[in-house]
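# Overview (structure and organization)
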Amino acid sequence: MKRRQFIQAAGATALSTPLIMAPMVNSAKAQAATVRWWYHFDNPQNTPNDLIAQFEKDNPGIKIQAESIPWGGGGDYYTRLFAAIVAKNAPDCAMVKLSSQAQLLEMDALEPLDGHIKNWAGKADISDNIWNVNKAQDGKQYYLPLQYVVLYLYYRADWLQAAGLQPPKTFEEFLAAAKAMTKGDVSGFGMRGGGGGHDNWAPFIIGNGATFAKGGMVNEQALAGNRFYVSLARDHKVTPASAASDGFRQIVDGFKAERTGMIIHHIGSANELVTALGDKVSAVPVPRPANGKGWTMFGDESNAVLSGSKNKDAAFKWISFLSSGGNNVAFNKLTGQLPVTTSGASSWTLHPKRFVDASAASLPLAGVLPDSPKTADFARTVWPTSMQRALLGQITSDEMMKTIEAHYNG
Amino acid sequence: MMDRRSPLQRLFELHLPLLVIVLFALGPYVWMMMTSIKTNTDIGAWPVRYWPQAFTSEHYHALLERTSFGGNLVNSFIIATGACMLGLSVSLPAAYAFSRYRFRGRRLLMTQFLVINMFPIVLIIIPLFVLMRNIGLLDTFIGIILGHSTFAVPFSIWMLTSYMNAIPKDLDEAARIDGATTLEVLRLIILPVIMPGLVTTGIYIFVTSWNEYLFAMMLSGQNVRTVTVALQLFIGEFSVQWGLLTAAGTLIALPVTLLFLLVQKRLVSGLTSGAVKS
Amino acid sequence: MTTASDTEPAPPLVLTPYLFLLPAMLVTLAVVLWPVAETVWMSLHNFILFKPRNVPFIGLGNFWRLLHDEVFWLSLGHSLVWISLVVGLQFLLGLATALLLNQSFWWRSLARSLVIIPWALPSVIIGLTWTWMYDYNVGVLNDVFLRFGLIDKPVAWLAQPNSAFFSIVVALIWQGFPFFAVTILAGLQTISAELYEAADIDGATRFQRLRFITLPAIADVIATALLLRTIWVANSLDVILVMTGGGPGYSTYTLPLYAFLKAYSGMEFGYGSALAIMLTLLLLLVVFIYVRRAARELDQ
């Protein structure tokens, strides 16, 4: 339950309490070191050069060599990273996600940061619970949190109002809203059956009581949740005909083109959607089952120091620089995600307030996929393939859940 | 050769079918080009806006001024030219050997060059990465050019051999009787006649190297990043920069097309222009 | 594989051809030999990239598993249909284009340069552009077809198994036919004009000229181009990866894509390598048949 608590705490602080800016101490010791750092940004027009210049000014003797690595759906980035580790050519530090922590640890590629963090002045500006969610299974801290997003439901406020409905809170209300908005060539819900769609699916399945533990994907609630999700497309037909192949790009394009009434995504698309639709788009947390539980996806990103680095102290200085107060805010303005520092969250203005609020209101529900080496393959192939087969009617909804159960616990 | 068809016949048998083919080839490219001069609002509109409300060059400005694309184009050009030169210079003698000599292991060696081409690159890429790292060629032009030669050389050898086989052997023998050495035969007799084949093969290597992604992604770092890798940077985790991407796509096709426009005259040399007669 | 000495009288042992071959051998073998050897080693182990401490030797276990893997057989089936359709149609369209472009007319150099454009684009761009054109919600194809009344509601091209498969085939034909056009065009240049003049005197029809002069003269080039293209298409996966990633379901899985996903998504490099080696062996069979057949003409 550590993760749940963190996320609640983060939500609380992000929302209300303006925190004291943690003092930053950058003792400029004379040492000559070049720190190689790998990152990926969504917009190639943004560069971290200003942050680097500031850091190098504060820390004479440390040079930052930043390399942007193609994301390639996550595959290219991690292929490069793994290959570099195998060839003993890894960078000193890199942006990483929790879904790869287990694999990186299995390769002995991560450096524990506990010692460094203990003496780091910015430690208090990141809540204890954020630290806990990023803790590895062996209890050590390898990841230094950098940014996050949380998935919620975007909806067409004007269409719902015209139908005389409130933004949906439960699965039943969600279905009713989707049905009300489905007419002509408009579909109520832009379902994502292509790569990455497990984020949108999980609220209906894990939220309904499924777990990744043994038998957790084939218990009654898990099966019922998946039957509901599949029936949105197959029985109620409130999704576009292209749902089985739609990825992130397609659901956002469909929503922008006013062809769908609701999609599940996070604050990263807020500004793009507002540019296209203005006040007609708003957001609430994802729907929950009648019993009030619920779940949504927490999208994390951290920095880690690689165990092969010869400049671990300098590397930590750089990544801790990025996770401190104002620098973290500047960094997140480049990536379009949300700052992890409580001081940064209190002064956040990059996104319209209703989406920041929806993110915060979603935090109590938010969790991550299991810290298992099998998760990467689940997200990239097992889930899309079985979901698409279920949507096409090649397998039943229950068979799909058995496939997922077999992947994790077979 | 004389064409005795009437203009009407030529219209239906030549101009119209070719026009259809050219339109098919051009359609998606033109669509991409149109997209690259639309504003972001017009790009995702439905129904599709064929004629945008306003034209803009903002994507090209952003591409060339705010990303490293210009430098990446230069890198790609160096690599493709290098792969082309390396490929042709080692393949031409090899093809000559295969075409003009009968020697032990000839067929085995020819097959061997094909087998090299058959192995899916995706699976040799990690061992190759380790190898390049060990010999210090990571993130260098030479490293990527060598990587590209794995598909360029086998292809060139096979294509050049088949073009050379089409040249009558009497030509070389006549020259030999006149006292020419092997290298002179290759340079003075074979080379001019095989020029169209050589140009085609060169274009093939250039194009394939220009468009190659996997080697370039794995073997390059910040120093020699190619356009294909740079393109991938426009496709982020949560957004696709359509404007930048289509502007880049439009520009990427230009050098190859211009190159072809320049060298295509060469394609009409060779035997038809009378090498045999003289 | 039969060596030259089986079928031919032993040729004199001259050094020149070997010297000519040496540079090409050095360049390719240096780069390919070690990685391929490594891949063979991996295929005999249960090698999972993120478990470098535990790599048990399992002999032919990966190959045994592969024979009982229904996704392997499915992917193989797709690959066969795929290769014959894509290479066959690329070739026919390329041949037609080359024959047209070989005639003389006022816009020939323009046409020659424009036709090459699809081939001059990186696969990533091709995959994304076509995916976008096929898009259900905002795709230009649906829009055009709707305007012309060819369909009465938008079609989800990439979401149905059959249409997804053929949609990708169309995109790949588009990408690859310029290769055949250019290659065959260069082959056409090596045909002596005298042959045509002689045929004209004999009063041959244009079809007869094509059938009895043009095609036989470029048969060797065509065969080589077909062979190389088959190998290339059989191994390529980038456009499929971008357009559907193999989906919906397993509808667009091909062998190299399956090997790729096993290796890079599942990190099962052992099994992925076994799949890759199987693909190479199957291709080798094709090449063997080709070389046996071509040997007769080549060795004249």
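Rules behind the numbers
Residues numbered from 1 in each chain as written. Chains lettered and ligands numbered in written order. Predicted model: local features only at pLDDT ≥ 70, side-chain atom pairs only at ≥ 80, totals over all residues. Heavy atoms only, no water. pLDDT = per-residue confidence, 0-100. Helix = DSSP H or I, 4+ residues; strand = E, 2+ residues; numbered from the N terminus. Contact = heavy atoms within 4.5 Å. Axes fitted to C-alpha atoms, helices over the stretch in contact; angles between N-to-C directions. Parallel < 35°, antiparallel > 145°, perpendicular 65-115°, else oblique. Left-handed = near helix turned anticlockwise from the far one by under 90°. Nonpolar A, V, L, I, M, F, W, Y, C, P; charged D, E, K, R; others polar. Buried area = accessible area lost by both parts, 1.4 Å probe. Salt bridge = Lys/Arg side-chain N within 4 Å of Asp/Glu carboxyl O. Polar contact = N/O pair within 3.5 Å; in protein donor to acceptor, adjacent residues only side chain to side chain. Buried < 20%, exposed > 50% of the residue type's maximum accessible area, 1.4 Å probe, protein only. Domains from an automatic or database assignment. Pairing = 2+ DSSP bridges.

On to the confidence of the model for chain A. In low-pLDDT regions, the fine details of the predicted coordinates are not to be read closely. Residue and element names in this part refer to chain A. Taken residue by residue, chain A gives an average pLDDT of 89. The fraction at 70 or more is 92%. Taking the mean pLDDT of every element in chain A, the minimum, 48, falls on helix H1 (residues 2-15) and the maximum, 97, on strand S5 (residues 152-156). Low pLDDT, under 50, characterises residues 9-30; the stretch is placed with 38 contacts to residues that sit more than four places away or in other chains.

Okay, the packing of helix H5 (residues 106-118) of chain B against helix H7 (residues 141-165) of chain B next. All names here are of chain B. Two elements in contact, H5 and H7, have axes whose closest approach is 8 Å; the angle formed by their N-to-C orientations is 140 degrees. As judged from the angle between their axes, H5 and H7 are oblique. At the point where H5 passes H7, the crossing takes the left-handed sense. Contacts between H5 and H7 involve Met 110, Thr 111, Phe 113, Leu 114, Ile 116 and Asn 117 from the first element and Thr 150, Phe 151, Val 153, Pro 154, Phe 155, Ile 157, Trp 158 and Thr 161 from the second. Partitioned by chemical class, the residues of the contact of H5 with H7 number 10 nonpolar, four polar and no charged.

Looking now at the interface of chain C and chain B. Contact residues are listed per partner, giving 118 residues for chain C and 109 residues for chain B. Surface buried jointly by chain C and chain B totals about 10,600 Å² across both partners, of which 75% is contributed by carbon and sulfur atoms. Three residues stand out in chain C for area buried against chain B, namely C:Phe20, C:Trp132 and C:Gln189, and they jointly supply 7% of the buried area on that side. Here chain C is connected to chain B by zero salt bridges. Remark: the boundary between chain C and chain B carries 11 residue pairs in polar contact (both at pLDDT 80 or more). With 20 residues, the top contributor of residues to the side of chain C that touches chain B is helix H2 (residues 16-43) of chain C.

All names here are of chain B. If you trace the backbone, Thr 111 turns up in helix H5. Thr 111 sits in the buried class, given a relative accessible area of 5%. Separated by 47 residues in sequence, Thr 111 and Trp 158 have C-alpha atoms that sit 9.7 Å apart.

This next bit is on the side chain of A:Gln141. Residues and elements named next belong to chain A. For Gln 141, the position within the fold is in the loop between helix H6 (128-133) and strand S4 (143-150). Within the structure, Gln 141 has its side chain in polar contact with the backbone oxygen of Trp 131 (distance 3.0 Å). Those residues in contact with Gln 141, other than ones at most four positions away along the chain, are Glu 111, Pro 112, Leu 113, Asp 114, Ile 117, Trp 131, Asn 134 and Lys 135.

Our focus in this paragraph is the domain arrangement of chain A. One frequently used descriptor of interface size is the decrease in accessible area upon assembly of the parts. Residue and element names in this part refer to chain A. Assigned domains of chain A: these are domain 1 (31-148 + 299-360) and domain 2 (152-297 + 367-409). Centre-to-centre, using C-alpha coordinates, domain 1 lies 30 Å away from domain 2. Contacts between the two partners involve 19 residues from domain 1, matched on the other side by 21 residues from domain 2. Summed over both sides, the interface between domain 1 and domain 2 buries roughly 1,600 Å², with carbon and sulfur atoms accounting for 59% of that surface. A per-residue breakdown of the area domain 1 buries against domain 2 is headed by Arg 354, Phe 355 and Ala 358, which together make up 33% of the total. Summed over the shared surface of domain 1 and domain 2, the number is four residue pairs in polar contact (both at pLDDT 80 or more). Put simply, the parts of the chain that give the side of domain 1 that touches domain 2 at least two residues each are helix H4 (101-106) and helix H16 (353-362).

The next subject is the pairing of S4(A). Residues and elements named next belong to chain A. Along S4, eight of the eight residues are buried, which leaves the element largely enclosed by surrounding structure. Two elements, S4 and strand S9 (residues 296-305), share seven bridges in a ladder whose sense is antiparallel. Within S9, the residue paired with Pro 145 across the bridge is Ser 302. Bridge count for S4 against strand S10 (residues 338-339) is two bridges, and the pairing is antiparallel. Counterpart to Tyr 148 in the pairing with S10 is Leu 338.

All names here are of chain A. Of all five residues in S5, five are buried, a share of seventy percent or more. Across four bridges, the pairing between S5 and strand S7 (residues 260-265) is antiparallel. Note on S7: the bridge partner recorded for Leu 153 is Ile 264. Across four bridges, the pairing between S5 and strand S8 (residues 281-284) is antiparallel. Within S8, the residue paired with Tyr 155 across the bridge is Ser 282.

Time to look at the interface of chain B and chain A. Residue-level contacts link 30 residues of chain B with 33 residues of chain A. Taken over both partners, the interface formed by chain B and chain A buries close to 2,800 Å², and the fraction arising from carbon and sulfur atoms is 55%. Counting the contacts that link chain B with chain A gives zero salt bridges. At the junction of chain B with chain A, the criterion picks out eight residue pairs in polar contact (both at pLDDT 80 or more). Broken down by secondary-structure element, the contributors of at least two residues to the side of chain B that touches chain A are helix H3 (58-66), helix H6 (121-134), helix H10 (214-219), helix H11 (227-232) and helix H12 (242-263) of chain B. The dominant element in the side of chain B that touches chain A, judged by the number of residues it contributes, is H6(B), at four residues. Across the side of chain B that touches chain A, the residue classes break down as 17 nonpolar, nine polar and four charged.

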